[in-house]
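# Analysis of the macromolecular model
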Amino acid sequence: MTGIEVRKELNLIQAVRKLSSLGLKMLPVKIRLEQNRMNLIKKTLNDRPEYVNINALAYWILTTSRSYSKRQDFNEAAELLGLRSKEDLQMIALLEARAAFKKADWNYASKICKELVDVQYKPIWTVCKKLALTEEFRDLDTRMQLVSFALCHCSKREIESLISYWRALENRQQCQQLGLTITDNEVKNLVHEIQSSRALDELDNEVTSDDDDLIGDDELYGDESDKQGTGQKMKPS
């Protein structure tokens, strides 16, 4: 075994130790057989082990329930795994945002979304849309920013409903600024309409094991017919 191979083995061991502390539960033989190292990050963020012992399950929840927020630890593990490119780090941030959303940590999810929106990272639009549609998340300014970004990259069939939703949020914001009493029926009806569409089902797809499938074309560009002209930020009039 060459010096380079020895270093790779040592790096893998260190990375797995760090990911194990963040919640990774995977047999060593499966780790060695995993060709796509990004999947180790994904499994750490997504896995919930099936413990028979309720005390062990409670311990896992307490120690790893917010592991997605330990960004520096994930980045260090990624570097040990050879995931050092800007695209790799952005993908990890996307996975962290999805994990935060699933745990109903709206503030942390929105923090990552805004960072990725600022660098025009297209695949984050799906999380932006979900968060913008979340009524429990009360930050109207951020929700309007996120739905605007989603509008730039969603499929054509979603544009009309998202524009209507953006306008409803804008109306709510203006009413609040004027101190007027408003009802949430309009926004709630729009949320129900959008969530009932088949387009939203795409947002629940998990990141797959192949690099090319980690983010599908729909998430990058919307429909095939939408691939042109998605680079500019849209603000509904």
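Residues numbered from 1 in each chain as written. Predicted model: local features only at pLDDT ≥ 70, side-chain atom pairs only at ≥ 80, totals over all residues. Heavy atoms only, no water.

Membership of the largest hydrophobic core comes to 55 residues, with the highest contact counts inside it found for Leu-19, Ile-41, Leu-81 and Ile-124. Of all the secondary structure elements, the ones that give two or more residues to this core are helix H1 (3–21), helix H3 (38–46), helix H5 (71–80), helix H6 (86–102), helix H7 (106–118), helix H8 (125–132), helix H9 (140–153) and helix H10 (156–178). If one sorts the elements of this core by residue count, H6 sits on top with nine residues. Setting aside residues no more than four positions away along its own chain, Leu-19 makes contact with Leu-24, Leu-40, Ile-41, Thr-44, Phe-74, Ala-77 and Leu-81. (Core = buried A, V, L, I, M, F, W, Y, C linked by side-chain atoms within 4.5 Å. Buried < 20%, exposed > 50% of the residue type's maximum accessible area, 1.4 Å probe, protein only. Helix = DSSP H or I, 4+ residues; strand = E, 2+ residues; numbered from the N terminus. Contact = heavy atoms within 4.5 Å.)

Our next topic: the environment of Cys-128. Within the element layout of this structure, Cys-128 appears in helix H8. Linking Cys-128 and Ile-112, residues 16 residues apart in sequence, is a C-alpha distance of 9.8 Å. When neighbours within four sequence positions are excluded, Cys-128 is seen to be in contact with Cys-113, Val-117, Leu-146 and Phe-149.

With that settled, the discussion passes to H7. Between its first and last C-alpha atoms H7 spans 18 Å; for 13 residues at 1.5 Å apiece the expected length is 18 Å, and the two agree. Tucked inside the fold, the buried residues of H7 contact H5, H6, H8 and H9. (Expected span 1.5 Å × (residues − 1).)

Bringing H10 into the picture now. Given a rise of 1.5 Å per residue, 23 residues ought to cover 33 Å, and the 34 Å separating the end C-alpha atoms of H10 matches this to within 8%. Residues Glu-158, Ser-161, Leu-162, Ile-163, Tyr-165, Trp-166, Ala-168, Leu-169, Arg-172 and Gln-173 constitute the buried set of H10. Positive backbone phi, approximately 75°, marks Gly-179, located one or two places after H10.

This part is about the confidence of the model for the chain. Chain-level statistics for the chain give a pLDDT mean of 76 and a share of 67% at 70 or above. Mean pLDDT values for the elements of the chain range from 41 in helix H12 (residues 217–221) up to 95 in H7. Segment residues 48–54: pLDDT under 50, and 10 contacts once partners within four positions in sequence are set aside and those in other chains are kept. Note on residues 56–64: pLDDT is under 50 here. Beyond four places in sequence and across chains, it has 16 contacts. (pLDDT = per-residue confidence, 0-100.)

With the rule as written, the count across this model stands at zero disulfides. Left unpaired, Cys-128 is separated from the closest cysteine sulfur, that of Cys-113, by 4.1 Å. (Disulfide = S-S within 2.5 Å.)

Turning to a nonpolar patch on the surface, a few remarks are in order. A surface patch of nonpolar side chains, about 210 Å² in accessible area, is lined by Val-6, Leu-10 and Ile-13. Among the secondary structure elements, Leu-10 is positioned in helix H1. Residue class for Leu-10 comes out partly exposed when judged on its relative accessible area of 38%. (Patch = residues over 30% accessible without salt bridge, like charges linked within 9 Å, V, L, I, M, F, W, Y side chains within 5 Å. Areas by Shrake-Rupley, 256 points an atom, 1.4 Å probe, with all protein chains shown as cover. Salt bridge = Lys/Arg side-chain N within 4 Å of Asp/Glu carboxyl O.)

As for its position among the elements, Ala-132 is in helix H8. Take Ala-132: its relative accessible area is 0%, and that puts it in the buried class. If we ignore the near neighbours within four places in the chain, the residues touching Ala-132 are Arg-143, Leu-146, Val-147 and Tyr-165.

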